[in-house]
Amino acid sequence: MTLQSRETIWDANGKTLYWIVLVYLLILPLPCEGFLPNFWSRVLTLSWNSHTHQHMTEQSILNITLETLKTTKKHHHGNHAEEQTRLGRGFWRAVGEVVKSNAAMDFLSSTRSDPVYHFDSERVDGAMVMLRQLWGQTLLSVQAKEYQSARHSLGQLFHSLQDFYSHSNWVEMGQRFIYLHLLHPDEPAIPVAKEDIPTCMECFSHTCRDNLLPPMTATGKDAKLLTTGYFSTVPSKPPGKCSHGGILDSSRHAGAKGGINKDSASPLFSPHHYLHVEAATLATQATLSVLRDLRDTVGHKSFLRLFSVKQVPALVFVMDTTGSMFEEITAARLRALSIIQNRAGSPEEPSTYLLVPFHDPEVGPVHETDDPNQFMQHMENLMALGGGDEPEMCLSAIQLALTHSPPLSEIFVFTDASPKDAHLFDAVKALALEKQSKVTFLLTEDPNYTTESRTKRKRKRRKEPLSPDRFALYSSLSSLSGGLTIFTTNSDIHAVSTIVEDNTAIDKVMLLHVETKELMSSHSFRVDSSIRNVTLHVSGDLIECTLTSPSGQSQSLLTEPRPLAELERFRGLYRISLFSPTQPGLWKLRAKSHGHLTFNIIGDSNVDFLYYFAVITNETHPGLARVEGSPIADTPAFLVLAVTGLAPDENASFSRATLVGADGESLQQVKLNSSSSSSSQSVMELVGRVESVPRVPFCVRLTGRDGIGDKLERVSSEVVQPTHVQIQVLSVPRLVPGHSTMVDFDILNHGPARLFTLTADDDCGYLQKRGPHRFYVAEQETFHGQVDLHTPATAQPGLTVTLTLTVHDLDSPDSNYAVAYLTVVPPDPDMSPPSCSIARVRSSCISRCNESIWSVSLAVTDRGRSGLAALQLQEGEGILTLFGSPPPMEDSLTELQAGPDQHRTTAGGPSHGHQQHMARLENGDPPLNVSEWVLDSSQPLWVRYTSSCCSVQAELLVWDTAGNMKRCHLTSGQQRLLSDKSAETNGSGRITLTAGVCLLTLLLWPSLL
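Residues numbered from 1 in each chain as written. Predicted model: local features only at pLDDT ≥ 70, side-chain atom pairs only at ≥ 80, totals over all residues. Heavy atoms only, no water.

A.B. asks: Provide a residue-level description of the overall build of the protein, including the pertinent values.
C.D. replies: From N to C terminus, the protein includes 20 helices and 40 strands. Sequence separation of at least 24 residues holds for 73% of the intrachain contacts in the protein that already meet a minimum separation of 6. Split by element, the accessible area of the protein, about 38,900 Å² in all, is 52% carbon and sulfur. (Helix = DSSP H or I, 4+ residues; strand = E, 2+ residues; numbered from the N terminus. Contact = heavy atoms within 4.5 Å. Areas by Shrake-Rupley, 256 points an atom, 1.4 Å probe, with all protein chains shown as cover.)

Take a look at the structure:
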């Protein structure tokens, strides 16, 4: 798409020029695959009522998260609307990562035209294999606490799974429940029509009704065949096969003409548009089913961590442990202890603690834990020893901290040395920007001290002078990430470290982030009614500083203790706390200094925002494709924002965003319009057109009005650095131990012809060549390249390798970056779930249900080679009893009469005595580990469920050690339920207890004994 074409999409009033868009789309030759990617697709296809991948994914994650919180008493407070407000900015960022990965399947050149990723061209078998691989990869990543890579693979899984219901004839067959076999090979399968079997008849209009041949629309017990539509010319469509259809599919003209896709509600793009709602409903149910299976497999705690629910910023320390650092280590230790003690048991208690020590040449190990006591033990074990030369491996340690910490983290670096590993700066910068994490440096060294180093404290002298710019990389990294670089002293380091407590509290928002080198400077920030606890951090050396309130009252902060704020002055840092209650309105700050100053102004508020830049794409699907890395300068783009934390009754509105330069100057105003696509009352999605991305670095400031009409402003922490070069990772392959893997990328030169260098880095040392690699790219041309990674045979499945690629112009500051997360998977994974086989059924249910019981005896085995891992009674009011051999024949009533202390035994093995049970479980008990009970994967574990006839159904969850799960659904009548409950819980297998199977097992029972 040309830049001129993009400019016609939006006129001066921000209105969509619908007919221009329509004419433009009509001349596009490329196909349209899957449900529409995101909200902007509705605009481009004129189908406002269409369900998109974005909406289905967001809504499903939100619903299952709220469902999970409801069952977790610790987190549940109030109704769903109130819970949504408290989910936090981190939650919506995590959801955005899943949505981004989902939408990218339609935008990346490596996936957008591959039928396997979209259930196209009857490639159903290959697509199912890929779905199951993505499920296994997601599970591995969550269990390894590699949540970002898990969100990436989960988004891919959702896209293909949702596409099945839009691209196949599943809906046309009258199916009202999801297709279990897609993810569960033990569930019944419907055969796919062979290549020589016609599936469609001719259709000569945009709307195609009844164009599928009879075997493709069979219902009931009639013979059924699955088919999916072909699109474009690759692969070629055999005669008589169905096309994808729609005005963007060139295969629709070949026999059989027409198509069957249900991607949208528009007949121009979807011949079966009249079934769009039914397809979207099933796709949503399938998405919900996957999320429930994932939650039940990894546990509620890990599930909530996966989506960063109510995330408190992680406490992340990067500690120099050379001999001069005794005071700094002590200060960090005391500050950590203060945070842990003050926040224990409160909503502000950090969920993640991370410590990365570094020395020269040692870096690490990384100490990551969710146990504050364990973290303090690691802090206590730090010792200041050794050292001598001034530079240290600081950037290597920061790289590890960024790799292991969650997004939106606050990272605090304690050191008194400059970096020895400056070559890592680009990789560290890329990680900080990609994760939107702030890096703050607490330096106990005077940067102007050039003749002696910190080693004076070790009674050593340097012979060579030190550069006054040796800390420039630290200042640059803190500036672009939204942090601070504070030069202080040993005597002040403990007081200065209060900044750690200020910044790691929950719901912190940025009101101003600006740097200035002027001797005199003036700045302003706005406080609204939702803001509490406003704190100003100023690094540098102030001569004068005057604060003025919205009512015009002023205070000279350096000389006057009141009436507006309290100032705490330390070497290198000024901490200014506004008195409560803080007056809403525009506050002004005037400062005089000896040189460089940095202002960070923060407050407490639920209301914050996330944003990204995007461009219109029509490669296979009309939509807005997110720009990875930095946006391209001097070109138009779209700014997409999500306002988070709005109260259910908050009538807030947002009119514009401002691109703000480094000194606080306004570079460009961006008018915002609602996308009307948000899945929650607590998040508002906005989009605006940037006429031309500025050439200079900038922050994004959001402006609107709160529910009572007061102006509201928020500022992004990180600094956007526009560029004229772009790098795109085309594929993110899986890593297999003992094998080499190629990662493909493109570098697009949006400037004049020139030379570039590429540097690659990974956190595990798997790269064969790191660079720099030098190459020439002509004007407006693309360079295609590859990097090679070799995964050692000893690599653990589930490990995530973080790959960073940075490209630099040799003769200008132009640069850009890309970050990819690659997961190590086993070479031959076990994807076969356990099985539940009925051994015996007993039922004596009468009219008075409380006077009768029913029971089912099962043999639970693992079909794969991994072996059984755990069991849990998910639903049911009865008792589940585990045996080492077939259970006894006596009446099961005694099990219901067992006391509460007898219900559960430890996993130490079976009880002694004839036919004694190994354990008893009830609904609400955590999963019981049985991996040590059944050492042979072919050996069954015997289970009996006994219940009062007042509770007529139950559900047993069984896992193997590979993470595969089986849902065994039990009913008193042994009938498979065909109710709405089925659609909610299937995505996993459930056993079919028909009368014929029951009779057969009863006949075989004596031989089992």
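A.B. asks: Describe helix α14 (residues 425-435), naming the residues involved and giving the relevant values.
C.D. replies: Note on helix geometry: an α-helix contains 3.6 residues per turn, so any two residues three or four positions apart are oriented the same way. Burial runs high along α14: 10 of the 11 residues are buried. F425, A427, V428, K429, A430, L431, A432, L433, E434 and K435 are the residues of α14 that are buried. Q436 occupies a position one or two residues after α14 and carries a positive phi of about 55°. (Buried < 20%, exposed > 50% of the residue type's maximum accessible area, 1.4 Å probe, protein only.)

A.B. asks: Can you lay out the pairing of strand β15 (residues 597-604) for me, pointing to particular residues and giving the numbers?
C.D. replies: For β15, the buried fraction is high: 8 of the 8 residues fall into the buried class. Covered by surrounding structure in β15 are L597, F599, I601 and G603 together with T598, N600, I602 and D604, the residues of both alternating faces. Bridging between strand β7 (residues 508-516) and β15 involves 8 bridges; their strand directions are antiparallel. Across the sheet, V514 pairs through a bridge with F599, a residue of β15. With 6 bridges connecting them, strand β9 (residues 532-539) and β15 associate as antiparallel partners. Residue pairing in the sheet places V538 in a bridge with F599 of β15. (Pairing = 2+ DSSP bridges.)

A.B. asks: So, the packing of aromatic side chains: which residues are in play, and what are the values?
C.D. replies: Under the defined criterion, the tally for this structure stands at 20 aromatic pairs. Considering the side-chain rings of F164 and Y165, the 4.9 Å spacing of their centres and the 85° angle between planes classify their relative orientation as edge-to-face. Neither F164 nor Y165 differs from the other in exposure class; each is buried. Seen from their ring centres, F164 and Y179 are 5.7 Å apart, and the 25° between their planes marks the pair as stacked. (Phe/Tyr/Trp six-rings, centres within 6.5 Å; stacked < 30°, edge-to-face > 60°.)

A.B. asks: I'd like to hear about the state of the cysteines, residue by residue, with values.
C.D. replies: By the definition in use, this model includes 5 disulfides. Disulfide pairing places C200 opposite C242 at an S-S distance of 1.9 Å. Looking down the S-S bond of the C200 and C242 bridge, the torsion is 95°, so its handedness is right-handed. Taken together, the residues span a long stretch of sequence, with C200 in the loop between α8 (147-167) and α9 (276-298) and C242 in the loop between α8 and α9 at a distance of 42 residues. Overall, C200 belongs to the buried group, its relative accessible area being 7%. Judged by relative accessible area, which is 1%, C242 ranks as buried. Two residues share a disulfide in this structure: C203 and C208, whose sulfurs sit 2.1 Å from each other. Residues C203 and C208 are joined through a disulfide that is left-handed, its torsion about the S-S bond being -95°. On the basis of relative accessible area, C203 is assigned to the buried category, the value being 11%. (Disulfide = S-S within 2.5 Å.)

A.B. asks: Please provide a residue-by-residue account of a nonpolar patch on the surface, values included.
C.D. replies: Taken together, the side chains of L755, Y776 and L810 make up a nonpolar region of the molecular surface, amounting to roughly 280 Å² of accessible area. Among the structural elements, L755 can be located in strand β27 (residues 754-762). (Patch = residues over 30% accessible without salt bridge, like charges linked within 9 Å, V, L, I, M, F, W, Y side chains within 5 Å. Salt bridge = Lys/Arg side-chain N within 4 Å of Asp/Glu carboxyl O.)

A.B. asks: So what's going on with unusual backbone geometry? Residues and values would help.
C.D. replies: For residues that are not glycine, phi is negative in most cases, and the peptide bond is trans in most cases. A cis amide bond, omega 5°, links G364 with the succeeding residue P365. The residue P365 is located in the loop between β2 (353-358) and β3 (367-369) in this model. A cis amide bond links R562 to the next residue, P563, at an omega of 15°. By secondary structure assignment, the location of P563 is in the loop between β11 (554-556) and β12 (565-570). Located in the positive-phi region is Q780, a residue other than glycine, with phi close to 55°. Mapped onto the secondary structure, Q780 falls in the loop between β28 (773-777) and β29 (782-790).

A.B. asks: Please give an account of the environment of Q874 that cites residues and values.
C.D. replies: On the secondary structure map, Q874 appears in strand β34 (residues 868-875). In sequence terms Q874 and E955 are 81 residues apart; their C-alpha atoms lie 5.4 Å from each other. Beyond its immediate stretch of four places on either side in the chain, Q874 contacts D296, N923, E955 and L957. Within polar-contact distance, the side chain of Q874 engages the side chain of D296 at 3.4 Å. (Polar contact = N/O pair within 3.5 Å; in protein donor to acceptor, adjacent residues only side chain to side chain.)

A.B. asks: Explain the environment of D426 to me, and be specific about the residues and the numbers.
C.D. replies: Its place among the elements puts D426 in helix α14. A relative accessible area of 22% means that D426 is categorised as partly exposed. The residues contacting D426, other than those within four sequence positions of it, are T806 and H808.

A.B. asks: I'd like a description of the pattern of salt bridges, backed by residues and values.
C.D. replies: Tallied over the entire structure, the rule returns 30 salt bridges. One salt bridge connects E628 with K100, and the closest N-O pair in it is separated by 3.9 Å. Of this pair, E628 sits in the loop between β17 (623-626) and β18 (637-644) while K100 sits in helix α6 (residues 89-107); the two residues are 528 residues apart in sequence, bridging distant segments of the chain. Looking at E628, the relative accessible area reads 36%, which means it is partly exposed. The salt bridge involving R526 is made with E713; its shortest N-O contact spans 3.8 Å. Here E713 lies in strand β24 (residues 711-715) and R526 lies in strand β8 (residues 520-527), a separation of 187 residues in the sequence. When salt bridges that share partners are traced, they join E67, R292, D293, R295, D296, E955 and R967 into one network.

A.B. asks: Just give me the short version of the side chain of S539, but keep the residues and values in it.
C.D. replies: Within the element layout of this structure, S539 appears in strand β9. Apart from the residues within four sequence positions on either side, S539 is in contact with L484, T485, I486, G572, H596, L597 and T598.

A.B. asks: Tell me about the packing of α14 against helix α15 (residues 472-481), residues and numbers included.
C.D. replies: Relative to each other, α14 and α15 sit at 20°, their axes nearing to 10 Å. With respect to each other, α14 and α15 are oriented roughly parallel. As for the relative orientation of α14 and α15, their crossing is right-handed in sense. For the pair α14 and α15, the contacting residues are F425, V428, K429, A432 and L433 in the first and L473, S476, L477, L480 and S481 in the second. Its residues assigned to classes, the contact of α14 with α15 shows 7 nonpolar, 2 polar and 1 charged. (Axes fitted to C-alpha atoms, helices over the stretch in contact; angles between N-to-C directions. Parallel < 35°, antiparallel > 145°, perpendicular 65-115°, else oblique. Left-handed = near helix turned anticlockwise from the far one by under 90°. Nonpolar A, V, L, I, M, F, W, Y, C, P; charged D, E, K, R; others polar.)

A.B. asks: Got a sec to walk through the sheet that holds β27? Specific residues and values, please.
C.D. replies: Two strands in a sheet stick together by hydrogen bonds in their backbones, pointing the same way (parallel) or opposite ways (antiparallel). The strand order β28-β27-β30-β31 describes an open sheet built from 4 strands, whose pairing is antiparallel. Looking at the sheet topology across the chains shown, the edges are occupied by β28 and β31 (815-823). The average angle at which neighbouring strand axes cross in this sheet is 25°, direction not considered. In this structure, β27 lies alongside strand β30 (residues 800-809), joined through 7 bridges in antiparallel fashion. Residue pairing in the sheet places T757 in a bridge with H808 of β30.

A.B. asks: Can you tell me about the confidence of the model for the protein, naming the residues and giving the values?
C.D. replies: Summing up the model confidence of the protein, the mean pLDDT is 83 and the portion of residues at 70 or higher is 83%. In this model, residues 1-33 is a region of pLDDT below 50 whose contacts with residues beyond four sequence positions or in other chains number 76 contacts. Taken together, the stretch residues 974-1009 has pLDDT below 50 and engages in 87 contacts with residues farther than four places along the chain or on a different chain. (pLDDT = per-residue confidence, 0-100.)

A.B. asks: Give a description of the sheet that holds strand β16 (residues 608-617) that names residues and reports values.
C.D. replies: Spatially, the 5 strands line up as an open sheet ordered β17-β16-β18-β22-β21, and their pairing is antiparallel. Because the sheet does not close on itself, it has two edges, and the strands there are β17 and β21 (673-674). Both β16 and β17 contribute to a ladder of 4 bridges, which runs antiparallel. Residue T617 lies in a different strand from β17, and its bridge partner there is G623. Where α6 meets the sheet, its contacts fall on β16, β17, β18 and β22 (683-690), and the angle it forms with β16 comes to roughly 10°.

A.B. asks: Kindly report on the nonpolar core, identifying the contributing residues and their values.
C.D. replies: One recurring pattern in soluble globular proteins: nonpolar side chains tend to sit buried together. In terms of nonpolar packing, the biggest core is built from 59 residues, with F91, Y165, W170, L182 and F307 touching the most fellow members. Within the residue set of this core, elements represented by two or more residues are α4 (53-71), α6, α7 (124-143), α8, α9 and α10 (300-306). Here this core gets 10 residues from one element, more than from any other, and that element is α9. When neighbours within four sequence positions are excluded, F91 is seen to be in contact with I61, L62, T65, F307, S308 and V309. By size, the runner-up hydrophobic cluster in this structure holds 37 residues, among which are A401, A430, V439 and Y821. (Core = buried A, V, L, I, M, F, W, Y, C linked by side-chain atoms within 4.5 Å.)

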